[in-house]
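Letter by letter, the chains look like this.
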Amino acid sequence: MSDPSPARTAVPVLDVWCELQCPDCRTALADLRALRARYGDRLELRLRHFPLEKHKHAFAAAQAAEEALEQGRGWAYVEAVLARVEELDRKGEPFLVEVARELGLDAEEFDTALIDGRHILIVDADQAEGKAIGVTGTPTYVIGGERLDGGKSQEGLRERVEEIADRLLAGDAQAP
């Protein structure tokens with residue numbers, strides 16, 4: 001079925017390279033919520049996975065986030081896990097399934113997805129792309145071709161993302 005509405009230009013995309021066992025990514029949640037509140041559907045926030053070797057449950061958590069996305073609750077799941085990073089550190093994969101159950105997701109499917117590895121290719125592809133564009137830590141943001149490293153400091157990053165998003169949206173409005 002085709003969409004009868006006039007062709008709409010694509011909204012700007014903010015790729016958020018994130019790791020669900022990363023305290024800096026938890027700190028970044030406030031900025032991500034503010035960006036969603038300010039732009040709504042005029043800015044697409046896209047979760048990209050960059051699990052770090054120093055966090056032993058990060059790779060499983062990335063797969064679990066993909067399963068949550070498939071079940072329609074990706075960002076809610078990401079926020080719930082990041083809010084409790086210490087529990088993930090202590091409990092590991094059972095915690096990932098526990099959070100799914102708390103959010104009303106199909107926890108059995110989460111468990112199966114973590115066992116059968118159905119989302120590994122997505123996580124591997126994100127990680128490879130991240131390395132290729134120079135991501136070294138999390139969170140890292142990419143918008144309008146510009147990479148912003150939030151792993152060192154969140155200071156001023158939301159404002160910078162807003163400047164770029166506003167510029168991209170303004171350019172969009174001037175298109176024929």
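Because the structure is predicted, anything quoted here is derived from the model rather than measured.

Each value, and the rule that gives it
- Here, residues in each chain are numbered from 1, in the same order as that chain's written sequence.
- A pLDDT threshold of at least 70 governs which residues receive local features in this predicted model, and a stricter bar of 80 or more applies before side-chain atom pairs are shown or counted, although totals over entire chains, interfaces and linings include all residues.
- Hydrogens and water molecules were not included; the side-chain quantities draw on all heavy atoms of the structure.
- Across the chain, each position has a pLDDT score giving the predictor's confidence in that residue, from 0 to 100.
- Note on contacts: a residue pair is in contact if any heavy atoms of the two residues lie within 4.5 Å.
- By this definition, two strands are paired if DSSP reports at least two bridges between them.
- Helix and strand assignments follow DSSP, with helices taken as H or I runs no shorter than four residues and strands as E runs no shorter than two, numbered in order from the N terminus.
- For salt bridges, the criterion is a side-chain nitrogen of Lys or Arg within 4 Å of an Asp or Glu carboxyl oxygen.
- Only protein chains enter the area calculation, which uses a 1.4 Å probe; residues under 20% of their type maximum are buried, those over 50% are exposed, and those in between are partly exposed.
- Throughout this description, the term nonpolar core refers to a set of buried Ala, Val, Leu, Ile, Met, Phe, Trp, Tyr and Cys residues connected via side-chain atoms within 4.5 Å.

**So, the confidence of the model for the protein**
(1) Moving on: Here the protein averages 90 in pLDDT, while 91% of its residues score no lower than 70.
(2) Moving on: Low confidence marks residues 1–7, where pLDDT is under 50. Its contacts with residues over four positions away, or in another chain, come to zero contacts.

**Things to note about the pairing of strand β4 (residues 146–149)**
(1) Moving on: Bridge analysis of strand β3 (residues 140–143) against β4 gives four bridges, and the strand direction is antiparallel. Paired with isoleucine 143 across the two strands is glutamate 146, which belongs to β4.
(2) Moving on: In this structure, the hairpin formed by β3 and β4 is closed by a connection of two residues, where glycine 144 is found at a positive phi of approximately 55°.

**As for the pattern of salt bridges**
(1) Moving on: Counting across every chain of the model gives 22 salt bridges.
(2) Moving on: Across the salt bridge formed by glutamate 79 and arginine 36, the nearest N and O atoms sit 2.4 Å from each other. Residue glutamate 79 is found in helix α3 (residues 74–82), and its partner arginine 36 is found in helix α1 (residues 23–39); the two are separated by 43 residues along the sequence.
(3) Moving on: Of the residues examined, arginine 36 reaches a relative accessible area of 28% and is grouped as partly exposed.
(4) Moving on: Each member of the salt-bridge network shares a partner with another, and the members are Asp15, Arg46, Arg48, Asp126 and Glu129.

**Some words on the nonpolar core**
(1) Moving on: Judged by nonpolar contacts, the single largest core of 44 residues is most densely connected at Leu14, Tyr77 and Leu96.
(2) Moving on: Trp17, Phe50, Leu52 and Val142 belong to the second largest nonpolar core, which has five residues in total.

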